[in-house]
Amino acid sequence: MKERISDVIYKDLDNNYKYLKELLQDCSDVIFREFYIGEIKALIIYIDGMGDKILLDDYVLQSLMLSKKKITNAKEIKDRILTVSDVTEIEKLSEGINAVLSGDTLMIIDGLSTGYIIATRLWPVRGVSEPSSETVMRGSRDGFTETIRFNTALVRRRIRDTRLKIISNSIGVRSKTDVAIMYIEDIAESSIVEEVESRLKKINIDCILDSGYVEQLIEDNKYSPFPQTQSTERPDVVAAALYEGRVAILVDNSPFAIVVPTTLPNLFQSPDDYYQRWIYGSVLRLIRFISIIISLVLPALYVAITSFHSNIIPTKFAYFIAASREGVPFPAFIEAIIMEVSLALLMECIVRLPKPIGATIGIVGGLIIGQAAVSAGIVSPIMIIIVALTTITSFTTPSYGVTSAFRIIRFLLIIISAIVGIYGIMIGLIVTLVHLMRLKSFGKPYLAPLVNADANDFKDVYIRVPLKNLKSRPKYMDTKDKIRQK
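The present account deals with the structure reproduced in this document.

Conventions used here
Residues numbered from 1 in each chain as written. Predicted model: local features only at pLDDT ≥ 70, side-chain atom pairs only at ≥ 80, totals over all residues. Heavy atoms only, no water. Helix = DSSP H or I, 4+ residues; strand = E, 2+ residues; numbered from the N terminus. Rg over C-alpha atoms; globule rule 2.2 N^0.38 Å. Contact = heavy atoms within 4.5 Å. Areas by Shrake-Rupley, 256 points an atom, 1.4 Å probe, with all protein chains shown as cover. Lys, Arg positive; Asp, Glu negative; His and termini not counted. Charge placed at Lys NZ, Arg CZ, Asp CG, Glu CD. Buried < 20%, exposed > 50% of the residue type's maximum accessible area, 1.4 Å probe, protein only. Core = buried A, V, L, I, M, F, W, Y, C linked by side-chain atoms within 4.5 Å. Pairing = 2+ DSSP bridges.

Looking at the overall build of the protein chain
Phase 1: When helices and strands are tallied, the protein chain shows 17 helices and 12 strands.
Phase 2: Against the globule reference of 23 Å for 486 residues, the protein chain gives a C-alpha radius of gyration of 29 Å, more extended than a compact globule.
Phase 3: Along the first, second and third principal axes, the C-alpha set of the protein chain runs to 100 × 55 × 40 Å.
Phase 4: Here the analysis covers contacts within the protein chain between residues at least 6 apart in sequence; of these, 64% occur between residues at least 24 apart.
Phase 5: Here the protein chain displays about 25200 Å² of accessible surface, and carbon together with sulfur accounts for 59% of that area.
Phase 6: Of note, the protein chain has its 56 positive side-chain charges centred 6 Å away from the centre of its 53 negative side-chain charges.

Below, the structure written as structure tokens:
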């Protein structure tokens, strides 16, 4: 799968020009510009639309072509004439080609077996804007963009520490997508950093178009519905994770960063928990935990009770349920599946359609179709209430990946509850819990700190104690510097 590019830079410029023309033939956006520096012939190659033409004209071509300095050695061009801050000398032609395809400019000088990469990247970019998937009441409003260097700068702005390390690499045999690994040297566990580097190096694929590719290729268990990495658009979330000893992975062309290792409690946390008073943040976090339990078991519990265990509910309530289901031709199980599938289709439509139309479809689907279904006797009114409550509670979780995972588990619980009732729900929950206990994220238990209880770690799980009491970093992360506040 490797692309064969010659590593030899010939001293004869004409040989280099001929080879590059053949290599990049039928690429109309690649610009070749030959010129003279005094009596020395030179060549620059860049891609139209990705290279900064103003920088090339004013600080490269003009400086070199109009220079009146006497050049005795071609290598003096870089040190005495070229007025560009970022120039890298290379000895392999393949490095120069990769730089050109990334937006930089390659300069080759007649008589030299080395080339120069001039940093001229200037492609169309989206400006820094507020994250659309992670809104907060209080906190910063800047979010990651599709340009990796902008994203590293947003994190660097929040961590002004020389010990913040950024390791750059490229992944994808053809796409050669830039990837950056970020960690704080004296906090992050060395074995985690090494494991991240090792997994990224093992990736052998044609292209990486988004950080979602990387997530799927480095996760521990590819068959689990639960996300084993945390994805975020917020630089403050990444900075907070780095301060806890985690490692961040930034991928060019993607506004989502990957944070590893992650745990299930981490995915229930929101920046609002820390930016507002601890009492309010703790209440919000408890609401999230209660909401996900409700969204997970409520439809299955309704199916189990109406099908097998109607005797465990009060008599008046049982009469009310029976009266609401009068005329409904389907059993509770089919009724629940119809509503869940309809809701899934509705959510997919809202996501895919343009925003103005999506909002309209949401109102039409949620109100008109729901009311029509009840009037037609397809579903009962109480089923509409249960599905609505399930939907509301499921979206209190900040992580969409966790919401999707619990939606899958909810479907399975509905099916098994229709077979064996409440016992099926219990079996399903036990199997899910066993799976979560066995799951790991880069060597760390997915349910940490719940499975390796430590009193200090529980200060930031179900509730968030005052910031003055959060003196140490999570014990399960085994960080080098364990104290964050004295």
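Let's talk about the environment of Leu-436
Phase 1: Here Leu-436 is to be found in helix 17 (residues 422-438).
Phase 2: On the basis of relative accessibility, which here comes to 6%, the residue Leu-436 falls in the buried class.
Phase 3: C-alpha separation for the pair Leu-436 and Thr-263, spaced 173 residues apart in sequence, amounts to 9.9 Å.
Phase 4: The residues contacting Leu-436, other than those within four sequence positions of it, are Phe-226, Leu-264, Tyr-446 and Leu-447.

Quick look at the nonpolar core
Phase 1: Counting 36 residues, the largest nonpolar core has Phe-226, Leu-264, Phe-268, Tyr-302, Met-383, Phe-406 and Tyr-446 as its most contacted members.
Phase 2: At the level of secondary structure, the elements contributing two or more residues to this core comprise helix 9 (264-267), helix 11 (278-307), helix 13 (332-352), helix 15 (381-394), helix 16 (400-420) and helix 17.
Phase 3: When residues of this core are assigned to their parent elements, the largest contribution, nine residues, is made by helix 11.
Phase 4: Look past the residues within four positions of Phe-226 in its chain and what remains in contact with it is Ala-405, Phe-406, Ile-409, Thr-432, His-435, Leu-436, Leu-439 and Tyr-446.
Phase 5: Ranked by size, the runner-up nonpolar core spans 22 residues in total, among them Ile-171, Ile-192, Val-196 and Ile-249.

Things to note about the pairing of strand 10 (residues 257-260)
Phase 1: Across the two faces of strand 10 the burial is the same, with Ala-257 and Val-259 and Ile-258 and Val-260 all buried.
Phase 2: Pairing of strand 8 (residues 230-232) with strand 10, which is carried by three bridges, proceeds in the antiparallel orientation. In the sheet register, Gln-230 faces strand 10, and the bridge partner there is Val-259.
Phase 3: Where strand 9 (residues 247-251) meets strand 10, three bridges bridge the pair, whose relative direction is antiparallel.

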